[in-house]
Amino acid sequence: MKSYYSIRKHYKAFLVASNQRYCRYAHAITGNLGSMSSQILKEWTSPDWFAKLWSNPGLENSIYISDSETTLELIKALADGI
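Definitions and limits used
Once a new chain begins, its residue numbering starts again from 1 and follows that chain's sequence as written. Under the rules for a predicted model, residues below a pLDDT of 70 receive no local features and side-chain atom pairs below 80 are neither given nor counted, while totals for whole chains, interfaces and linings still include all residues. Side-chain descriptors were evaluated using all non-hydrogen atoms of the structure, hydrogens and water having been removed beforehand. For helices the rule is a DSSP run of H or I covering at least 4 residues; for strands it is a run of E covering at least 2, with both sets numbered from the N terminus onward. Exposure categories follow from relative accessible area, calculated using a 1.4 Å probe and restricted to protein chains: below 20% of the type maximum is buried, above 50% is exposed, and the middle band is partly exposed. Using the Shrake-Rupley algorithm and a 1.4 Å probe, accessible areas are obtained, with residue cover drawn only from the displayed protein chains. For every residue, the predictor states its confidence as a pLDDT score lying anywhere from 0 to 100. Identification of polar contacts relies on pairs of N or O atoms within 3.5 Å, with a donor-acceptor requirement for protein atoms, meaning one able to donate a hydrogen and the other able to accept it, and with residues adjacent in sequence counted only if both atoms are side-chain atoms. Throughout, a residue-residue contact means that at least one pair of heavy atoms, one from each residue, lies within 4.5 Å. Stacked, tilted and edge-to-face pairs are distinguished by plane angle, under 30 degrees for stacked and over 60 for edge-to-face with tilted covering the rest, among Phe, Tyr and Trp rings (Trp via its six-membered ring) whose centres lie within 6.5 Å. Each salt bridge in this description consists of a side-chain nitrogen of Lys or Arg and a carboxyl oxygen of Asp or Glu lying within 4 Å of one another.

Student: So what's going on with the overall build of the chain? Which residues, and what values?
Tutor: When helices and strands are counted, the chain shows three helices and zero strands. Counting the 82 residues in the chain, one finds 7% classified as buried. Surface accessibility of the chain: about 7,300 Å² in total, with carbon and sulfur atoms responsible for 64%.

Student: Quick rundown of the confidence of the model for the chain? Include the residues and the values.
Tutor: Parts of the model with low pLDDT should not have their predicted coordinates read in detail. Here the chain averages 76 in pLDDT, while 71% of its residues score no lower than 70. Confidence scores differ between elements of the chain, with helix α1 (residues 4–45) showing the lowest mean pLDDT of 72 and helix α3 (residues 67–80) the highest of 86.

Student: Kindly report on the side chain of Asn 61, identifying the contributing residues and their values.
Tutor: Assignment of secondary structure puts Asn 61 in the loop between α2 (50–55) and α3. The exposure class assigned to Asn 61 is buried, which follows from its relative accessible area of 7%. Of note is the side chain of Asn 61, whose polar atom sits 2.8 Å from the backbone nitrogen of Ile 63. Setting aside chain neighbours within four positions, we find Asn 61 in contact with Leu 53 and Asn 56.

Student: Can you tell me about the packing of aromatic side chains, naming the residues and giving the values?
Tutor: Per the stated rule, a full pass over the model turns up one aromatic pair. Plain terms: the ring middles of Trp 54 and Tyr 64 are 5.6 Å apart, the flat faces sit at 75° to each other, and that makes the pair edge-to-face. Taken together, the positions of Trp 54 in helix α2 and Tyr 64 in the loop between α2 and α3 put the pair 10 residues apart, joining distant regions of the chain. Judged by relative accessible area, which is 22%, Trp 54 ranks as partly exposed. For Tyr 64, a relative accessible area of 7% puts it in the buried group.

Student: Describe in detail the pattern of salt bridges, supporting the description with residues and values.
Tutor: Applying the stated criterion across every chain yields a total of one salt bridge. A salt bridge links Glu 73 to Lys 76; the shortest N-O distance between them is 3.1 Å. Residue Glu 73 and its partner Lys 76 are both found in helix α3; the two are separated by three residues, about one turn of the helix. Its relative accessible area of 27% is what places Glu 73 among the partly exposed residues. A relative accessible area of 40% means that Lys 76 is categorised as partly exposed.

Set out below in C-alpha cells:
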C-alpha cells in the first residue's frame, strides 16, 4: 500500500502536468486571437482593401456604388453580427 506522501507526490506531479496542458491550450488560443487580430488590422488598414471600398462608394468601386449601400451593409453587420 502506498503511503500518503507517495500518493500526494504523484498527485502534485499530475496537477503540474495538467496545468501545463491548460497553459499550452490557453497560450495557443491567445496566439490564435493575436494572429487573427493582426490579420484584421492589416486588411482594414491596407490602402487597397475593405476600408477604401467602404469609405469611397461610387461607380469606380466594384462593391459599393452608393452611400446607402454602405449604410445598409453596416446595419446588416450590426444586426447579424460581424
